[in-house]
Amino acid sequence: MSGVAQGPGARALEPELVAFVESDQAAIRVDLARLARPLRLVVPSGALRAHLAVTLVRRAGRPLLGVRIQTLASLAREILERQGAPPEREDLFPILVSRCARREPSLRAALDELANGYSAVQVGVDDLLDAGFTPEHAAALDEALAAHGLG
């Protein structure tokens, strides 16, 4: 496997990718000069990046040498920065949403111990903002929730 791999989904490609990385790791351990050109695995999302990293390290049973797993967005930022574009600031949206959600005892109790537990809240807040929700809509939302026994 080299270049771009595509299939019906990330899980379908996983066995082939794991085998390729294992083969690459064996070759690196024989010739450490290969570390000068790391293996770059580009995935569409942060969640898939985290899953793949855990899967590969668990399967290898040791740290991986010369492997970089990154999202498509981080690769795009890297390319732009190499071309002289100013570095993009870290997106504060997930941090701020998580901080606000942690103030709610029920959310904190359900989500605080989960890896990326607050991402579900972030998706919901992002959807509301995309739909044009503003603080002026809060009273109407509270009424609608109460009417359905959720408020």
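Keep in mind it's a predicted model, so treat the numbers as computed, not measured.

Asks: Requested: an account of the overall build of the protein chain, with residues and values cited.
Replies: Along the backbone of the protein chain there are seven helices and two strands. Walking the protein chain from its N terminus toward its C terminus, one meets helices and strands in the order α-β-α-β-α-α-α-α-α. Here the C-alpha atoms of the protein chain give a radius of gyration of 21 Å, more than 25% beyond the 15 Å that 2.2 N^0.38 yields for 151 residues. Seen along its three principal axes, the alpha-carbon backbone of the protein chain occupies a region of about 65 × 40 × 30 Å. Put simply, the protein chain has 151 residues, and 19% of those count as buried. Partitioning the contacts of the protein chain with sequence separation of at least 6, the portion at a separation of at least 24 is 53%. In the protein chain, the 17 positive side-chain charges and the 19 negative ones have mean positions that sit 11 Å from each other.

Asks: Tell me about unusual backbone geometry, and name the residues and values.
Replies: Among all residues save glycine, negative phi is the norm, and among peptide bonds the norm is trans. In the Ramachandran plot, N116 falls in the positive-phi region, its phi being about 60° despite a non-glycine side chain. Along the chain, N116 turns up in the loop between helix 5 (105–111) and helix 6 (119–130). Classification of N116 by relative accessible area gives exposed; the value is 59%.

Asks: Describe a nonpolar patch on the surface, naming the residues involved and giving the relevant values.
Replies: On the surface, L92, I95 and L96 cluster together into a nonpolar patch covering about 250 Å² of accessible area. Within the element layout of this structure, L96 appears in helix 4 (residues 93–102). Residue class for L96 comes out partly exposed when judged on its relative accessible area of 45%.

Asks: Before we move on, can you summarise the pairing of strand 1 (residues 39–43) with the specific residues and values?
Replies: In strand 1, alternate side chains face the same way, and those of L39, L41 and V43 are buried while those of R40 and V42 on the opposite face are not. Examined bridge by bridge, strand 1 and strand 2 (residues 67–71) share five bridges and lie parallel to one another. In the sheet register, L39 faces strand 2, and the bridge partner there is V67. Handedness of the crossover joining strand 1 and strand 2 through helix 2 (residues 46–60) is recorded here as right-handed.

Asks: Describe the side chain of T55, and please don't skip the residues or the numbers.
Replies: As for its placement among the helices and strands, T55 is situated in helix 2. Judged by relative accessible area, which is 16%, T55 ranks as buried. Beyond its immediate chain neighbours, meaning those up to four positions away, T55 contacts E14 and V18.

About the cut-offs
Residues numbered from 1 in each chain as written. Predicted model: local features only at pLDDT ≥ 70, side-chain atom pairs only at ≥ 80, totals over all residues. Heavy atoms only, no water. Helix = DSSP H or I, 4+ residues; strand = E, 2+ residues; numbered from the N terminus. Rg over C-alpha atoms; globule rule 2.2 N^0.38 Å. Buried < 20%, exposed > 50% of the residue type's maximum accessible area, 1.4 Å probe, protein only. Contact = heavy atoms within 4.5 Å. Lys, Arg positive; Asp, Glu negative; His and termini not counted. Charge placed at Lys NZ, Arg CZ, Asp CG, Glu CD. Patch = residues over 30% accessible without salt bridge, like charges linked within 9 Å, V, L, I, M, F, W, Y side chains within 5 Å. Areas by Shrake-Rupley, 256 points an atom, 1.4 Å probe, with all protein chains shown as cover. Salt bridge = Lys/Arg side-chain N within 4 Å of Asp/Glu carboxyl O. Pairing = 2+ DSSP bridges. Right-handed = clockwise from strand over helix to strand, strands pointing away.

Remember that the coordinates give geometry; whether it matters functionally is a separate question.
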